[in-house]
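Analysis of the macromolecular model
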Amino acid sequence: MKKEMKPDGRGTQGIRIKGNFVEEEKQAVYKKNVYKKLLKIKPCGFHRVVIDKLRVKAGTTTILENVSLSIACGALTVIIGKNGAGKSTLIKSILKEVSYEGLIEFRDLKDNTIGNLRVGYVPQHLNIEKNAPVSVYDLVAAYTTNVPVFLRKSRKLYEEIRERLSLFDGETLIDKQVGDLSGGELQRVLLTIACTPVPNLLILDEPVSGIDRNGRKLFYKILNELKQQYDMSIILVSHDLELTAEYADSVVLLDRTVLKEGKAKEVMASEEFREVFGYLGTLPEHKGGGE
Amino acid sequence: MMELVGKVLDLLPLEFLEYDFMKYALMAVLIITPLFGILGTMIVNNRMAFFSDALGHSAFTGMAVGVLFGIGNTNVSMMLFAVVFALLLNFIRHKNIVSSDTVISVFSSLSVAVGLAILSKNGNFSKYSALMVGDILSITPGEIRSLFLILIVTLVFWCVAYNGLHSIGINSSLAKSKGIPVKLLDNAFVVLVALIVMLSIRWVGILIINALLILPAAAARNIAADNREYHLFSVMISVFSGVLGLILSYYLNVAAGPMLVLVAAIIFFITFLARRLFRG
C-alpha cells in the first residue's frame, strides 16, 4: 500500500541521521499496521448527504433559502461565496446548531435507506490561548473519550491516540501544548479529532489566516487522500479559489441560496461567479487571487 | 468521622488547634480549598471569572428574598435564587445580543441593589453585613458535613463531565459535533457553581469568594503544561494558601478570608514571574 503523508516535509521519515535505519523501518511497519487497522472502507459512491429546501431565518432576516444539495461520498465538495453569504450558517445547520426548515439526511442510494449522519467537524479556530495547560493528548482525549483528562493518563488510550494522530503524521505532537502548535500542526490534530470515529460527513472550515500557501496545499492533499481512503463525504468552506479549482470535485457557489453548482471549471466560468467575485484576478489562471 | 479527624488534629503540635473553633475552621478550609481549586480550573478555562463574581453578589438578593418571604433558613432562599440567577445569566450569555460582560455586569449590579435595598430597610443592614467578609471561625460540625458532601458530589460530577466541559470551552461547535450535550453540561456546571458558592459564602464572604475561586487556578495555569498538572497545582496552591492563611490569621489577629487571598495572590505573582523566567 502506497501511502505517505508528509504535510510539511519534516515528518518522521523526512530527516534521518545515518544509523537510524532500523528505527525507520520499524516505524514504517508500525504505520502500515495502523493503516490496515483503521482505514480500508473504500468509498462506494452510493452514500449521499441530502439537503433539501433548507431555509434558515434569524429573526426577520432570511439567511438561507431554498438550498438543495446532494453531496456524494468519496468526493470533495467545496463551498465558496463572499462574506455573509451564509456559508457558516449552512455548516451550523448541518451541525444542528441553528434551527432550520427543510431536510438534512444521510441516504444510501443503493437501497434508499436513511442512516444516521455522523458528522466530523474541523473548526476554523480554537478558543485557546498560548499558554493554556492543554496538551494534544488532553484535547483529543477530551473530545473523543470519557476518560477524565485531569486524572492520570491511560497508557492504552495514549497509544491509541498516538496511532490516530499518526494517520495525519501527528504522532510526535501528542505531548505538545496545543497553544504551541503551528497552524498546520493544529489542523492535523483537529482532523484526527474529526475522524475519530470515522464520520459519514466531514465538514471543514478552512482557516483564513495562520497557514501559509504550502501548508494549505498540503492540507488539500490530505483531503484528497482522505476521500480516496474513507467512505465519507467532504464539505470544505474555502477561501482559496485557486486551490479549490485544483482539488474540488464539485463546487457550490453560495449566496443566500445555491447560485451555481458543478465542476470547478464550470462554476468559475459562470456568469454568477463573475457577479459575486468580479474580475479581480480571482480566476484560477490569474495569480494569487481570492483571499 | 468528624471525631476521628478532630483526634488527628489534636495530635498535631500546633498551639492554635487547642480551640475547637480553630479545629473546625481548619477542617472547613481543608474541604473548601480543594473544592475551589478544582472548580476554579474550569471557571478560568471557560473565561467565567466575571460570571462567578456576579453569582457571589447575588447572595445578597437571595438572602433578601428569604427575609422578605419570611423563610426561616435563608440558606435555602439563597441557593434557590442563585440557581435561577445562574441559569438566567447563562441563557442571556449565549444569546449574543449584547457582549456578555456587559450583561453580567448589569444583572450583577441589579441583584446587589435589590438585595441591599431590601436588607437595609428600617436600618437593619448591620445584621447582614457579616455576609460581606464571612467568618470561617463560626462554622459548625453539621455545616462541615454538608460541605464534605458537596465535595464528593463535585468529584463525581468532575469525573463524568470534565471532558465535556473542557471541550465546550475550547470550541462548542466541535463539542456538539462529537455528541457532547453542550447545553445540559453548561447549565449543570453553573448550577453546581451556584450551589457551592452559596454554601460557602457565609464562611468566605462575598467580597473575596471569587478570589478564592480564581487565584489558585490562575496561578496553576502559569506553570502547568497539561490538564493533570493544572489540577494538581491548582488544588495544591489552594490548600496551601488556605492552611497558611488560616494559621497566619490566628497569629496576626487578622480575618481569615483576606489572609487566605493574600497568600494565594502572592503565589500567583511568584508563578507569573516563574513563567516569564522559564518560558519566555
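This write-up is about the structure you can find in this document.

Conventions adopted
Residues numbered from 1 in each chain as written. Chains lettered and ligands numbered in written order. Predicted model: local features only at pLDDT ≥ 70, side-chain atom pairs only at ≥ 80, totals over all residues. Heavy atoms only, no water. Helix = DSSP H or I, 4+ residues; strand = E, 2+ residues; numbered from the N terminus. Rg over C-alpha atoms; globule rule 2.2 N^0.38 Å. Contact = heavy atoms within 4.5 Å. Areas by Shrake-Rupley, 256 points an atom, 1.4 Å probe, with all protein chains shown as cover. Buried < 20%, exposed > 50% of the residue type's maximum accessible area, 1.4 Å probe, protein only. Pairing = 2+ DSSP bridges. Axes fitted to C-alpha atoms, helices over the stretch in contact; angles between N-to-C directions. Buried area = accessible area lost by both parts, 1.4 Å probe. Salt bridge = Lys/Arg side-chain N within 4 Å of Asp/Glu carboxyl O. Core = buried A, V, L, I, M, F, W, Y, C linked by side-chain atoms within 4.5 Å. 1 Å grid on protein atoms, 1.4 Å probe; cavity = no way out; pocket = protein on both sides within 12 Å on 5 of 7 lines; lining within 4 Å. Points joined across faces, edges and corners; volume = space filled by probe spheres on them. Nonpolar A, V, L, I, M, F, W, Y, C, P; charged D, E, K, R; others polar. Phe/Tyr/Trp six-rings, centres within 6.5 Å; stacked < 30°, edge-to-face > 60°. Patch = residues over 30% accessible without salt bridge, like charges linked within 9 Å, V, L, I, M, F, W, Y side chains within 5 Å.

1. Some points on the overall build of chain B
For chain B, the helix and strand inventory stands at 12 helices and 0 strands. Along chain B, helices (α) and strands (β) appear in the sequence α-α-α-α-α-α-α-α-α-α-α-α when read from the amino end. Over its C-alpha trace chain B gives a radius of gyration of 19 Å, about what one expects of a compact globule, namely 19 Å for 280 residues. Taking the intrachain contacts of chain B between residues at least 6 apart in sequence as the baseline, contacts between residues at least 24 apart amount to 74%. By element, 71% of the accessible surface of chain B is carried by carbon and sulfur atoms, the whole surface being about 12500 Å².

2. Some thoughts on the overall build of chain A
Helix and strand counts for chain A stand at 9 helices and 10 strands. A total of 291 residues make up chain A; the buried ones form 51% of that total. Across chain A, the fraction of contacts at a sequence separation of at least 24, relative to all contacts at a separation of at least 6, is 70%. Accessible surface computed for chain A: about 14000 Å², of which carbon and sulfur atoms make up 50%.

3. Things to note about the sheet that holds strand β3 (residues 76-80) of chain A
All names here are of chain A. Taken in spatial order, the 6 strands of this open sheet run β6-β7-β8-β3-β9-β10, and their pairing is mixed. Every other strand in the sheet has two partners, leaving β6 (119-122) and β10 (257-262) as the edge strands with one partner each. On average, each strand axis in the sheet is inclined to that of its neighbour by 20°, with strand direction left out of account. Here 4 bridges tie β6 to strand β7 (residues 201-205), and the two strands are oriented parallel to one another. Considered in β7, the bridge of Val 119 is made with Leu 201. Most of the contacts of helix α2 (residues 87-94) go to β7, to which it runs at about 145°, and overall it touches β3, β6, β7, β8 (233-237) and β9 (250-255). Lying over the sheet, helix α6 (residues 213-229) contacts β3, β7 and β8, oriented at roughly 160° with respect to β8.

4. Regarding the interface of chain A and chain B
Reports often express the size of an interface as the amount of accessible area lost when the parts come together. The interface of chain A with chain B comprises 38 residues on the first partner and 28 residues on the second. Both sides of the chain A and chain B interface together cover about 2900 Å² of buried area, and 51% of this is carbon and sulfur. It is Pro 133, Tyr 143 and Phe 150 of chain A that lose the most area in chain A upon contact with chain B, and together they represent 30% of the buried surface on that side. At the junction of chain A and chain B, the tally comes to 3 salt bridges.

5. Quick word on the nonpolar core
Ranked by size, the top nonpolar core spans 169 residues in total, and within it Leu 202 of chain A together with Trp 158 and Phe 189 of chain B carry the most contacts. The dominant element in this core, judged by the number of residues it contributes, is helix α2 (residues 20-45) of chain B, at 15 residues. Sequence-distant contacts of Phe 189 of chain B, that is, excluding residues within four places in its chain, are made with Leu 39, Met 42, Ile 43, Met 48, Phe 157, Trp 158 and Leu 165 of chain B.

6. Examining the pattern of salt bridges
Enumeration according to the criterion identifies 16 salt bridges over all chains in this entry. Glu 129 of chain A is paired through a salt bridge with Arg 47 of chain B; the nearest N and O atoms lie 3.6 Å apart. Of this pair, Glu 129 of chain A sits in the loop between β6 and α3 (136-144) while Arg 47 of chain B is found in the loop between α2 and α3 (49-68), placing the two residues in two different chains. Given the relative accessible area of 34%, Glu 129 of chain A is considered partly exposed. One continuous salt-bridge network, built from bridges that share partners, spans Arg 55, Glu 65, Glu 101 and Arg 256 of chain A.

7. Thoughts on the sheet that holds strand β4 (residues 101-108) of chain A
All names here are of chain A. If you walk across this open sheet you meet the 4 strands as β2-β1-β4-β5, and the pairing is antiparallel. If you trace the sheet from one side to the other, it starts and ends with β2 (61-72) and β5 (113-115), each paired once. Here the average twist between neighbouring strands, direction ignored, is 30°. Where strand β1 (residues 47-58) and β2 come together, 8 bridges link them in antiparallel fashion. Within the sheet, the bridge partner assigned to Ile 51 lies in β2 and is Leu 69.

8. What to know about unusual backbone geometry
Residue and element names in this part refer to chain A. The amide bond that connects Thr 196 to the next residue, Pro 197, takes the cis arrangement and shows omega of -10°. Considering the arrangement of structural elements, one finds Pro 197 in the loop between α5 (183-194) and β7. With phi around 50°, Lys 53 is a residue other than glycine that occupies positive phi space. Position of Lys 53 relative to the elements: it lies in strand β1.

9. Description of the environment of Glu 242 of chain A
For Glu 242 of chain A, the position within the fold is in helix α7 (residues 241-247). For the pair Glu 242 of chain A and Asp 169 of chain A, spaced 73 residues apart in sequence, the C-alpha separation works out to 25 Å.

10. Quick notes on empty space enclosed by the protein
Tallied over the full model, the rule gives 3 cavities of 30 Å³ or more. Taken together, 14 residues form the lining of the largest cavity, with Asn 127 and Ile 128 of chain A together with Asn 45, Ile 170 and Arg 221 of chain B sitting closest to its centre. Elements with a contribution of two residues or more to the lining of the largest cavity: α2 and α7 (141-170) of chain B. Among the elements that line the lining of the largest cavity, the one with the most residues is α7 of chain B, at 4 residues. Tallied by class, the residues present in the lining of the largest cavity amount to 6 nonpolar, 5 polar and 3 charged. Each pocket or cavity is described by its volume, and for the second largest cavity that value is around 70 Å³. At the level of secondary structure, the elements contributing two or more residues to the lining of the second largest cavity comprise α2, α9 (182-204) and α12 (256-279) of chain B.

11. Focus: the packing of aromatic side chains
Residue and element names in this part refer to chain A. Applying the stated criterion across every chain yields a total of 14 aromatic pairs over all chains. With 4.9 Å between their ring centres and 40° between their planes, Phe 273 and Phe 277 make a pair best called tilted. Taken together, the positions of Phe 273 and Phe 277, both in helix α9 (residues 271-277) and 4 residues apart, correspond to about one turn of that helix. The class of Phe 277 is buried, set by a relative accessible area of 18%.

12. Some thoughts on a nonpolar patch on the surface
Residue and element names in this part refer to chain B. A cluster of nonpolar residues, Leu 68, Phe 69, Ile 71, Val 76 and Leu 80, forms a patch on the protein surface that exposes about 520 Å² of accessible area. When you line up the elements, Leu 68 lands in helix α3. By relative accessible area, which is 56% here, Leu 68 ends up exposed.

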